[in-house]
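# Understanding the architecture of this molecule
Given next are the chains, with one letter for each unit.
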Amino acid sequence: MTNLCFICDKELSVESECVSVKAKGIGNLINSSKARFDNKWKSLVNLENVLVHKDCRKSYTRPDTIRKCVNEKEGTSNISPVKGKLRSNYIFKFKENCLFCDNECSKELEKKLCKERRDTIIQISTLYFKQSIIDVANKRNDEWGKEVLKRLNSVICLVSEESKYHKSCERKFCSTNPVDENKKRGRPQDEDLANAFSNLCDILESENECQFGLNFLHEKMEGTCDEKTLKNKLINKYGDDIIITTSRGRKSVVSFKNTGFKVLTNAWYDSKKENEEE
């Protein structure tokens with residue numbers, strides 16, 4: 001194992017093409033191996049460091065290549081001919097522009113503004129974020145929603161594209177429902193509730209935990225709604241990616257199905273950062 005890269009089984013001959021992965025990085029490799037169901041992780045147990053090819057490591061821990069590997073084993077594919085064609089004809093600068101407003105999206109730009117006008121830049125780090133926004137866009141069914149859908153359908157994975165957005169844009173997109181001019185306008189949505197729920201989602205999507213007590217999440221809403229309303233909002237946003245379990249005599253528990261992919265996503269960013277430092 002000392003002379004071969006455990007990922008590609010080829011010789012580690014050129015030192016400049018190799019990298020020594022230590023404990024934290026090995027943990028990422030083990031998680032990636034388990035997600036791929038290739039059993040390579042068994043050779044990494046109890047190791048303090050391991051030498052691999054740099055390119056192999058990047059590819060092996062990248063979420064989109066992991067999903068592609070799993071899909072191939074299952075005989076399925078997330079890449080359709082239509083989407084492939086769309087990707088080649090439609091170009092959106094995911095790394096540079098806000099997913100929602102299509103304007104430049106960078107912390108450097110925000111620093112040039114006065115504090116009152118600065119916005120928060122969010123880097124997308126969860127795989128289920130894309131589907132949740134697709135659901136919102138379909139529900140909106142307006143020009144803005146269609147434009148965002150076009151961007152979403154032009155790529156396979158927002159995480160691997162390093163997509164980002166302005167927090168205020170995401171909040172506006174997800175909380176504003178277009179109203180038909182011929183229909184009577186209802187009661188305006190409670191902005192405090194929308195803001196509190198948006199902040200709660202930021203917490204959920206930045207943690208590696210897969211379970212939360214509903215009462216804990218309700219406390220984060222700062223009295224803007226009751227638990228029933230919170231449950232409905234969570235289900236509407238995360239759909240099949242979330243399970244809320246309620247048992248008599250016990251507190252309700254909120255569980256996320258795709259936290260494993262989230263851990264891998266974070267691992268990919270950690271791996272990328274380590275490579276840049278090296």
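Going by the structure above, here's the rest.
Quick summary incoming for the structure in this document. Per chain, residue numbering runs from 1 following the sequence as it is written. In keeping with the predicted nature of the model, local features appear solely for residues at pLDDT of at least 70, side-chain atom pairs appear and are counted solely at 80 or more, and the whole-chain, interface and lining totals rest on all residues. Computation of side-chain values covers all heavy atoms of the structure but excludes hydrogens and water.

## Concerning the overall build of the protein
Strands here mean DSSP runs of E at least two residues long; helices mean DSSP runs of H or I at least four residues long; both are numbered from the N terminus. Along its length, the protein carries 12 helices and seven strands. Here's how the labels work: a residue is buried when its accessible area is under 20% of the maximum for its type, exposed when over 50%, partly exposed in between, all with a 1.4 Å probe on protein chains only. Here the protein holds 278 residues, and 40% of them are scored as buried. Between two residues, a contact is recorded if the distance between any of their heavy atoms is within 4.5 Å. The contacts in the protein between residues at least 6 apart in sequence include a share of 73% that link residues at least 24 apart.

## Looking at the packing of helix α6 (residues 128–140) against helix α8 (residues 167–175)
Interhelical geometry of α6 versus α8 gives an angle of 50° and a closest axis separation of 9 Å. Here α6 is positioned oblique relative to α8, judged by the angle of their axes. Of the residues in α8, those in contact with Phe129, Ile133, Val136, Ala137 and Arg140 of α6 are Glu170, Lys172, Phe173 and Cys174. Amino acids outside the nonpolar list (Ala, Val, Leu, Ile, Met, Phe, Trp, Tyr, Cys, Pro) and the charged list (Asp, Glu, Lys, Arg) are all regarded as polar, and Gly is one of them. Class assignment of the residues belonging to the contact of α6 with α8 gives a composition of six nonpolar, no polar and three charged. Orientation is described by lines fitted to C-alpha atoms, with helices fitted over the stretch in contact, and by angles between N-to-C directions that extend from 0 to 180 degrees. Relative orientations are named as follows: roughly parallel for angles under 35 degrees, roughly antiparallel for angles over 145 degrees, roughly perpendicular for angles from 65 to 115 degrees, and oblique for any other angle.

## So, the pattern of salt bridges
Salt-bridge detection follows one rule: a side-chain nitrogen of Lys or Arg within 4 Å of a carboxyl oxygen of Asp or Glu. What the rule picks out here adds up to four salt bridges. Ionic pairing is found between arginine 140 and aspartate 142, a salt bridge with its closest N-O pair at 2.8 Å. For arginine 140, a relative accessible area of 9% gives the class buried. With relative accessibility at 18%, the residue aspartate 142 sits in the buried group. Note that lysine 237 is salt-bridged to glutamate 170, the shortest N-O span being 3.7 Å. With a gap of 67 residues between them, lysine 237 in helix α11 (residues 227–238) and glutamate 170 in helix α8 connect regions that are remote in the sequence.

## Re the side chain of asparagine 97
Within the secondary structure, asparagine 97 is located in the loop between α4 (81–89) and α5 (107–111). Setting aside its immediate chain neighbours within four residues, asparagine 97 contacts Phe92, Asp102, Asn103, Glu104, Cys105 and Lys164.

## Here we look at the sheet that holds strand β7 (residues 253–256)
Spatially, β5-β7-β6 is the arrangement adopted by the three strands of the open sheet, whose pairing is antiparallel. Every other strand in the sheet has two partners, leaving β5 (211–213) and β6 (242–245) as the edge strands with one partner each. Between one strand and the next, the sheet's axes are offset by a mean angle of 20°, whatever the strand orientation. When DSSP finds at least two bridges between two strands, those strands are taken to pair. Pairing geometry for β5 and β7, over three bridges, is antiparallel. Across the sheet, glycine 213 pairs through a bridge with valine 253, a residue of β7. Taken strand by strand, α11 contacts β6 and β7, and its axis lies near 155° from that of β6.

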